[in-house]
Amino acid sequence: MIQLPYDDAAERALLGALLINPEAMRGLNLTAEDVYIERNRVVFEAMTALSARHANVDYLTVSDALKTSGKLKEIGGGAFLTELLSDTPNSLHAEDYAGIIRDRARRRRVILATQKLTQAAFNLGANLDEAVALAASDIVTTGGGTQSRHIGEVLSELYDEIEAASQNPRDIFGIPTGLSGFDGITYGLQRKQVFMLSGEPGVGKSFLAFQLCVGAATGSNGIKGTPGAVFELEMSDIATVRRSLSARAKVRSKLMRQGKITPDDWTTLTAAIEDMSALPIWLNDDTDMTTTALRAEIARLKTHGIGWVLVDYMALLKDEGGKDDNERVGIISARLHDIAKSLDVAMIVISDMTKDSWSNDKGQAALAGSRKISYNSDMTALLKRTKTDDIFNLEWVKYREDDPERVLPLRRVPGFPAYAEVRKP
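Note that the structure is a prediction, hence the values are computed from the model and not measured.

Next up on the list: the sheet that holds strand β5 (residues 281-284). Spatially, β5-β4-β6-β7-β1-β8-β9-β10-β11 is the arrangement adopted by the nine strands of the open sheet, whose pairing is mixed. Looking at strand neighbours, the two that pair on one side only are β5 and β11 (419-421), the edges of this open sheet. Strand-to-strand, the axes of this sheet are offset by a mean angle of 25°, without reference to chain direction. In this sheet, strand β9 (residues 391-398) lies alongside strand β8 (residues 379-385) in antiparallel orientation, the contact comprising six bridges. Looking at the pairing, Thr 380 lines up with Lys 398 of β9.

Pasting the structure below:
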């Protein structure tokens with residue numbers, strides 16, 4: 001049987017370092033599952049539980065916790081804890097030891113994931129696409145996500161989050177899009193959440209969504225750009241980028257297609273192309289995309305640090321082809337929500353709007369398909385026409401935070417696929 005990689009010396013050194021310097025527990029990106037040797041893992045679990053309760057972590061408290069749980073003898077008694085203290089090379093290098101442990105844990109996950117994938121490949125009755133997606137997700141994401149956590153550990157993490165935010169107060173705590181009114185309502189795109197965007201055909205949902213994505217990749221409000229991915233299931237990637245380039249360079253798409261480019265146009269076009277080429281955006285226009293393939297590709301792109309994803313649009317994903325459309329999109333919306341949450345990305349999803357709601361205010365009922373769509377989105381907004389030709393309202397019909405203003409007036413930039421905010425008097 002193959003021996004999985006681990007490093008007992010690094011695990012013992014980390015435990016000893018934490019007994020000497022318990023402050024090193026704060027912000028330590030490590031789970032008990034990452035610790036391979038059982039008795040080392042038992043000690044680390046006791047330390048984690050103490051830290052979650054904001055109790056002191058030292059020889060006496062850890063020893064008492066292990067004794068209370070009946071595990072002190074299991075690990076070798078107090079003598080083992082004493083060995084940890086005496087054998088620690090340097091208590092200041094806890095993060096270095098943790099890094100070694102994380103590396104070995106990830107290598108184990110890769111080995112186990114590829115073994116499962118190999119078994120699935122040999123099993124002709126297995127769903128290979130699903131197996132590949134799960135293997136990619138297991139390999140790319142950090143482990144331990146399925147472990148249940150005591151509320152004290154969650155509160156400890158929340159405390160650290162609040163404390164970190166207090167050191168750098170700001171209005172936008174998500175991924176800013178550069179559209180200040182949008183960011184004011186949403187506080188930026190939020191990781192692990194789905195923002196559902198809908199509207200009648202022709203209102204410009206797609207180029208508004210891509211505009212938000214370009215803004216997220218560019219960065220604003222003192223926050224640097226966040227990498228992301230666009231899954232364009234309706235248009236080609238070139239058509240999508242052409243529209244964005246047109247808005248950025250102020251050169252009409254029609255003129256690009258006709259080749260009627262003036263010298264001044266060339267100057268602005270090349271400058272805009274240079275700027276956009278530096279954006280951390282990946283595009284995929286595979287029209288046969290399923291949520292399984294989508295998960296696998298997002299997991300792969302996590303190696304590039306992506307934090308947001310655009311799906312344009314949901315109904316074109318090829319899942320569950322034999323089912324009724326309402327049932328099908330309900331299943332798809334649930335899978336997209338799961339992907340956003342498990343892969344830690346903010347997701348913008350474009351959805352259809354029912355025809356009879358184009359001129360009526362039906363709230364979430366305006367979404368075409370199953371009611372499950374509205375349940376599976378964290379925020380839902382409808383892009384609606386107004387009585388003024390070039391003015392549109394982006395109206396939020398679902399929101400899960402406090403109660404900000406939920407209508408954002410937008411002006412279509414004349415002649416170009418872009419929106420500008422309508423400044424209030």
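Before going further, it helps to spend a moment on empty space enclosed by the protein. A complete count under the given rule lists one cavity of 30 Å³ or more for this structure. What lines the largest cavity is Leu 189, Gln 190, Gln 193, Val 194, Phe 195, Ala 346, Met 347, Asp 378 and Met 379. Secondary-structure elements contributing two or more residues to the lining of the largest cavity are β1 (194-199) and β7 (346-351). Counted by class, the lining of the largest cavity contains six nonpolar, two polar and one charged residues.

All right, on to helix α15 (residues 325-342) then. End to end, α15 covers 26 Å across 18 residues, agreeing with the expected 26 Å (1.5 Å per residue, within 8%). Taken residue by residue, α15 has Arg 328, Val 329, Gly 330, Ile 332, Ser 333, Leu 336, His 337, Ile 339 and Ala 340 as its buried positions.

On the surface, a cluster of nonpolar side chains totalling about 380 Å² of accessible area is made up of Ile 151, Leu 155, Leu 158 and Ile 162. Given the relative accessible area of 47%, Leu 155 is considered partly exposed.

Approximately 350 Å³ is the volume attributed to the second largest pocket. Forming the walls of the second largest pocket are 21 residues, and the residues nearest its centre are Gln 211, Ser 244, Ala 247, Arg 248 and Ala 418. At the level of elements, α10 (205-218), α11 (237-249) and β6 (308-312) are the ones that each hand at least two residues to the lining of the second largest pocket. For the lining of the second largest pocket, the element with the highest residue contribution is α10, accounting for seven residues. Class assignment of the residues belonging to the lining of the second largest pocket gives a composition of 10 nonpolar, six polar and five charged.

The rules behind each value
- Residues numbered from 1 in each chain as written.
- Predicted model: local features only at pLDDT ≥ 70, side-chain atom pairs only at ≥ 80, totals over all residues.
- Heavy atoms only, no water.
- Pairing = 2+ DSSP bridges.
- Helix = DSSP H or I, 4+ residues; strand = E, 2+ residues; numbered from the N terminus.
- Axes fitted to C-alpha atoms, helices over the stretch in contact; angles between N-to-C directions.
- 1 Å grid on protein atoms, 1.4 Å probe; cavity = no way out; pocket = protein on both sides within 12 Å on 5 of 7 lines; lining within 4 Å.
- Points joined across faces, edges and corners; volume = space filled by probe spheres on them.
- Nonpolar A, V, L, I, M, F, W, Y, C, P; charged D, E, K, R; others polar.
- Expected span 1.5 Å × (residues − 1).
- Buried < 20%, exposed > 50% of the residue type's maximum accessible area, 1.4 Å probe, protein only.
- Patch = residues over 30% accessible without salt bridge, like charges linked within 9 Å, V, L, I, M, F, W, Y side chains within 5 Å.
- Areas by Shrake-Rupley, 256 points an atom, 1.4 Å probe, with all protein chains shown as cover.
- Salt bridge = Lys/Arg side-chain N within 4 Å of Asp/Glu carboxyl O.

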